[in-house]
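If you want the building blocks of each chain, they are given just below.
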Amino acid sequence: MKVIQLTDIHLTQKMEHQLFDTNPYNNFDTACKEIYRIKSVTEIDLIVVSGDIANDGDIDAYRYFFKKMESLHIPYITIAGNHDLKNNIDTVIAEIKPEYNINSCEYYDKDWYITYVDTVVNGEDYGFITKYNLTKLEKRIILNNNFNTAIFMHHHALPVGTPLVDSCMLENADDLLTLCKKYKVKFIGCGHAHTSRIWHQNDMTISVAPAVSFQWFSGTDTVKTTTGFGFKIIDFSEDISVTSCIY
């Protein structure tokens, strides 16, 4: 099973607006074209979009996003980030009724169970998983313990070495990691950090995908960006393979 993870698209209120000299719509369009090309040479089973779809939660940005995602004809899971407005996402879903969006945010393959956990704290940049959401996640993992489990979320669970974003990562990451180790979760996929990282802890892979919009300069503690954008392809075979596609 192959999964593409898109994250931190940051579509602006107006298509001509730029973020740090980058047009997020152009980057998103290029990413979608690349996904379509990749789909022509290898099977892509699922796309996971791990948050910050819109920069300001704008309704028209979500309309653009869902129409573009539908054009790929690939099932996808949509996760909200700290820049998103969940009510506006739900409004557009109700309006457009996208065919390929997986409302349950759960996906099954013959060997794998894909799910997500909400890390967003309203009005805050940092992430936190409430006790209620952590308990729900645990119940879903137990219920599907005959599958290998992969969890996606917005905020990164391990520091990437860039103080600007590590200051607002997942605050109770230890609670999540303890839970994942207990139930032998195989994969955690994150966004938020606007950089690409990967760690291997025993049999668990933890991966942060590059942003579709822009990347933070590695190690910076001030607002400083670098060129390039992209996404990750995760091959959930017996040995998990993660490829960063940077443009």
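Residues numbered from 1 in each chain as written. Predicted model: local features only at pLDDT ≥ 70, side-chain atom pairs only at ≥ 80, totals over all residues. Heavy atoms only, no water.

Another aspect to go through is the overall build of the chain. Across its full length, the chain holds six helices and 13 strands. What you see for the chain is a C-alpha radius of gyration of 17 Å, in line with the 18 Å of a compact globule of 247 residues. Taking the principal axes of the C-alpha coordinates as reference, the chain spans close to 45 × 40 × 35 Å. Relative to its 247 residues, the chain shows a buried fraction of 54%. In the chain, the share of contacts with a sequence separation of at least 24, taken over all contacts with a separation of at least 6, comes to 68%. With the model as given, the accessible surface of the chain reaches about 11200 Å², and the carbon-plus-sulfur share is 48%. For the chain, the separation between the mean place of its 22 positive charges and that of its 32 negative charges on side chains is 3 Å. (Helix = DSSP H or I, 4+ residues; strand = E, 2+ residues; numbered from the N terminus. Rg over C-alpha atoms; globule rule 2.2 N^0.38 Å. Buried < 20%, exposed > 50% of the residue type's maximum accessible area, 1.4 Å probe, protein only. Contact = heavy atoms within 4.5 Å. Areas by Shrake-Rupley, 256 points an atom, 1.4 Å probe, with all protein chains shown as cover. Lys, Arg positive; Asp, Glu negative; His and termini not counted. Charge placed at Lys NZ, Arg CZ, Asp CG, Glu CD.)

Taken N-terminus to C-terminus, the directions of helix H1 (residues 24-41) and helix H2 (residues 59-70) make an angle of 15°; their axes are 11 Å apart at the nearest point. Judged by the angle between their axes, H1 and H2 are roughly parallel. With respect to the hand of their crossing, H1 and H2 are arranged in right-handed fashion. Two secondary-structure elements touch here, H1 through Tyr25, Phe28, Asp29 and Cys32 and H2 through Ala61, Tyr64, Phe65, Lys68 and Met69. (Axes fitted to C-alpha atoms, helices over the stretch in contact; angles between N-to-C directions. Parallel < 35°, antiparallel > 145°, perpendicular 65-115°, else oblique. Left-handed = near helix turned anticlockwise from the far one by under 90°.)

In this numbering, the UniProt entry assigns the feature "domain: Calcineurin-like phosphoesterase" (unreviewed entry) to residues 1-195. The annotated region residues 1-195 carries 35% helix and 15% strand content, and the separation between its end C-alpha atoms amounts to 24 Å. (UniProt positions renumbered as here; feature names shortened; annotations may be inferred.)

Taken in spatial order, the six strands line up as E4-E5-E6-E7-E9-E8 in an open sheet, and their pairing is mixed. Of all strands in the sheet, those bounded by a partner on one side alone are strand E4 (107-108) and strand E8 (197-201). Here two bridges tie E4 to strand E5 (residues 112-116), and the two strands are oriented antiparallel to one another. By the bridge assignment for E5, tyrosine 108 is matched with tyrosine 113. Along the sheet face, helix H4 (residues 131-143) touches E5 and strand E6 (148-152) and points at about 170° away from the line of E5. (Pairing = 2+ DSSP bridges.)

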